[in-house]
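Each chain, written out:
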Amino acid sequence: MKRRFVVATILMLALLVWSVVLPNVSVIVGSFTHGLADWRAFVASPADREALWSTLVISVGSVVAALIIGLPLAFLLGRFDFRGRRALSAVATLPAALPPLVGVIAFLFLYGESGVVTRVVQRVLGLDHAPWSLTGLSAIVFVHAYTMYVYVFLFVAAGLERYDTTLDEAAAGLGATRGRTLRRITLPLLMPSIAGAMLLVFMSSLGSFSAPYIFGGGQRVLATQILVSKLNGSMGLAYVETTVLALAAVAALLALRWLERRRRYALTGKGKTTRDVVRSRAARVLAPVAALIVVTFLVLPHAMVVLVSFARDGAWTTQILPPEYTLDNFRRLATDPELWRPITNSVGMSAFATAANVVVCFVAAYLIVLTRAPGRRLLQILVVLPWAIPATAIALGLAATFDVSKPLEGRILLVGTFWILPLAYFVRNVPVVTSAVEGSLRQMDPSLEDAARGLGASWLLAMRRVVVPAARPGLVAGTMLAAIAAVGEFVASVVLYTHANRPISIEILAQLRSLSFGTAAAYSVLLIALVLAITLGARLAEGRVERF
């Protein structure tokens with residue numbers, strides 16, 4: 001076994017134990033600081049029981065709502081051909097381009113008590129008060145359904161692309177109805193895609209912070225309850241709540257893995273997908289109209305954020321739309337040092353975190369896929385561990401571990417410094433980048449590297465000319481996802497930020513609290529522009545791959 005692989009594996013394991021395992025162990029140990037007293041307090045607390053129950057209800061409700069929207073949409077666009085299908089396919093993924101907090105703000109501007117749609121309905125119906133109140137469990141599930149149905153849509157649409165529709169024809173030839181074919185053939189074959197999407201929606205909802213924080217009203221969830229306990233100085237109780245949240249996430253992961261493995265089906269052919277052309281005259285007329293309505297609904301949040309970003313702060317009170325427009329919001333962001341600082345913080349911290357993700361995750365994926373170094377299986381478990389832990393739990397674990405300087409225990413003082421947030425972003429994105437690079441490396445024949453060495457290439461030359469080009473598609477995709485997640489991150493930031501290192505997402509929340517809607521929307525537009533710039537950069541990098 002080559003010594004450098006052994007050394008690299010030891011270094012990777014040490015880094016992940018320090019940044020991933022140690023914080024979580026600190027949280028679990030912290031929950032027993034007073035024996036079982038904090039656990040008894042959690043069980044006896046009506047607020048915590050309500051928070052746990054609400055968290056589970058919201059997570060399950062979000063999964064159901066995302067399935068109700070995403071599954072039919074994926075079948076409609078994946079199995080049928082009609083006018084407007086391509087346009088609808090393009091905008092169906094738009095919610096994914098909205099950072100979570102920005103999506104929540106867009107819903108506030110549209111459907112909140114003073115939102116545009118709410119006021120239009122109120123005026124049309126001649127009501128004295130708003131026709132609805134966007135608060136509580138149903139409001140949170142509504143927002144989650146919009147922002148998370150994309151996971152279901154993308155996963156199922158990808159599954160349908162690989163689906164062999166000749167199976168449906170064979171079933172029809174044997175006398176099976178469409179419903180029976182769907183139940184006995186199509187859905188079982190799509191179950192891995194559906195289970196993966198359900199897991200992603202459930203985990204995202206479980207750790208969701210921004211929607212419950214803004215639309216929750218008096219409703220408690222564990223993610224917000226952890227912050228409340230921390231701010232109240234009840235750290236033992238906060239550790240217990242964090243542990244319970246992490247246990248719920250792990251239980252969901254195991255349950256859905258069991259569901260996924262309960263039945264195994266596989267296609268032996270390459271797959272041949274055909275779309276049914278809509279021939280009914282009524283359906284051909286109605287389909288574009290329905291597509292236009294759906295497109296309008298999906299684009300409306302983005303358009304609303306852009307519109308409000310030009311509204312003059314303080315001028316929008318009881319009107320349906322902002323009455324005055326100005327460029328001052330963007331001008332202030334560019335000229336006021338206090339307003340500019342969150343932008344440099346977000347860009348800088350996400351750049352540091354993403355750069356660390358690229359280096360560490362590439363080395364980890366290389367060791368896992370292309371070497372037989374001892375410890376690589378443990379490495380494989382540690383790199384996916386952050387995926388099973390909600391962001392709030394990761395943040396509190398880092399806060400519990402790096403709040404003192406005890407080098408012999410592996411603890412250094414990072415809380416209150418610039419570096420605590422890049423560390424949190426790095427930990428959260430380790431599974432994404434590593435999985436993406438692993439996927440690319442597994443498509444490479446391992447003998448290619450040996451062949452290059454056999455032809456006289458040094459290890460570095462073989463790495464540069466063979467391994468890195470093979471890993472580059474996954475590296476580009478993983479880097480893009482990590483950078484997008486880091487630049488708009490809110491959940492871990494709200495637990496760990498200080499005034500000096502506050503990112504854009506925290507400043508958006510501060511501007512909303514001061515009723516500066518125009519400035520908050522201007523920050524949101526800037527965040528969307530950063531996401532689009534990162535996506536464009538990734539596309540350009542992919543172009544270089546093809547030319548290479």
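One can find the structure itself at the top, above this paragraph.
Everything numeric in this text was worked out from a predicted model, so none of it was measured. Note on numbering: residues in each chain are counted from 1, in written sequence order. For a predicted model such as this one, the threshold for reporting local features is a pLDDT of at least 70, and the threshold for listing and counting side-chain atom pairs is 80 or more; totals across whole chains, interfaces and linings nevertheless cover every residue. Side-chain measures here rest on the full set of heavy atoms in the structure, leaving out hydrogens and waters.

1. Remarks on the overall build of the chain
Now for step 1: Comment: elements are numbered from the N terminus, with helices defined as DSSP H or I runs of at least four residues and strands as E runs of at least two. Tallying secondary structure elements over the chain gives 23 helices and two strands in all.
Now for step 2: Across its three principal directions, the C-alpha atoms of the chain cover 80 × 70 × 50 Å.
Now for step 3: Burial classes follow relative accessibility: with a 1.4 Å probe on protein chains only, a residue under 20% of its type's maximum area counts as buried, one over 50% as exposed, and anything between as partly exposed. A buried classification covers 49% of the 548 residues belonging to the chain.
Now for step 4: Pairs of residues are marked as contacts when any of their non-hydrogen atoms sit within 4.5 Å. Restricting to contacts in the chain with at least 6 residues of sequence separation, those with at least 24 account for 77%.
Now for step 5: Charged residues are defined here as Lys and Arg on the positive side and Asp and Glu on the negative side; His and the ends of the chain fall outside this count. Note on charges: their place is set at NZ of Lys, CZ of Arg, CG of Asp or CD of Glu. Charge centroids of the chain, computed over 49 positive and 28 negative side chains, lie 8 Å from each other.

2. Some details on the side chain of Ser26
Now for step 1: If you trace the backbone, Ser26 turns up in helix α1 (residues 3–31).
Now for step 2: Ser26 sits in the buried class, given a relative accessible area of 17%.
Now for step 3: Not counting residues up to four positions away in its chain, the partners in contact with Ser26 are Ala400 and Thr401.

3. Some words on the layout of surface pockets
Now for step 1: Computed from the structure, the second largest pocket encloses a volume of approximately 560 Å³.
Now for step 2: Along the wall of the second largest pocket there are 25 residues; nearest its centre are Leu108, Phe109, Leu512, Leu515 and Phe517.
Now for step 3: Mapped by element, the contributors of at least two residues to the lining of the second largest pocket are α5 (100–111), α10 (210–215), α22 (504–513) and α23 (517–547).
Now for step 4: Residue composition of the lining of the second largest pocket, grouped by class: twelve nonpolar, eight polar and five charged. Buriedness of a pocket was judged along seven lines, with at least five required to meet protein on both sides within 12 Å; pockets are open sets of points on a 1 Å grid over the protein atoms alone, cavities are sets where a 1.4 Å probe fits but cannot get out, and lining residues have an atom within 4 Å of a point. Grid points are joined across faces, edges and corners, and a volume is the space filled by probe spheres set on the points. Residues are sorted three ways: Asp, Glu, Lys and Arg are charged, Ala, Val, Leu, Ile, Met, Phe, Trp, Tyr, Cys and Pro are nonpolar, and all the rest, Gly among them, are polar.

4. Looking at the nonpolar core
Now for step 1: Ranked by size, the top nonpolar core spans 152 residues in total, and within it Leu379, Leu441, Leu496 and Ile508 carry the most contacts.
Now for step 2: Among the elements that take part in this core, helix α15 (residues 337–370) stands out by supplying 14 residues, more than any other.
Now for step 3: Apart from the residues within four sequence positions on either side, Leu379 is in contact with Met12, Leu13, Leu16, Ala364, Leu367 and Ile368. The nonpolar core is taken to be a set of buried Ala, Val, Leu, Ile, Met, Phe, Trp, Tyr and Cys residues, with the residues joined through side-chain atoms within 4.5 Å.

5. A closer look at a nonpolar patch on the surface
Now for step 1: A contiguous nonpolar patch, built from Val306, Phe310, Leu321, Tyr325 and Leu327 and spanning about 430 Å² of accessible area, is present on the exposed surface.
Now for step 2: Structurally, Phe310 can be placed in the loop between α13 (281–309) and α14 (328–335). The residues that make up patches have over 30% relative accessible area and no salt bridge, and they are joined within 9 Å when like-charged or within 5 Å when they are Val, Leu, Ile, Met, Phe, Trp or Tyr. Method for areas: the Shrake-Rupley scheme with a 1.4 Å probe, in which residue coverage is limited to the protein chains shown. Counted as salt bridges are all cases of a side-chain nitrogen of Lys or Arg within 4 Å of a carboxyl oxygen of Asp or Glu.

6. Looking at α1
Now for step 1: Compared with an ideal rise of 1.5 Å per residue, which puts 29 residues at 42 Å, α1 spans 40 Å between its outermost C-alpha atoms and is within 8% of the ideal.
Now for step 2: Val17 marks the point of greatest bend in α1, at about 40°. Each residue after the first adds 1.5 Å to the expected span of a helix. One fitted axis covers the seven residues ending at a residue, a second covers the seven starting there, and the bend at that residue is the angle between these axes.

Nothing here speaks to function; it is geometry throughout.
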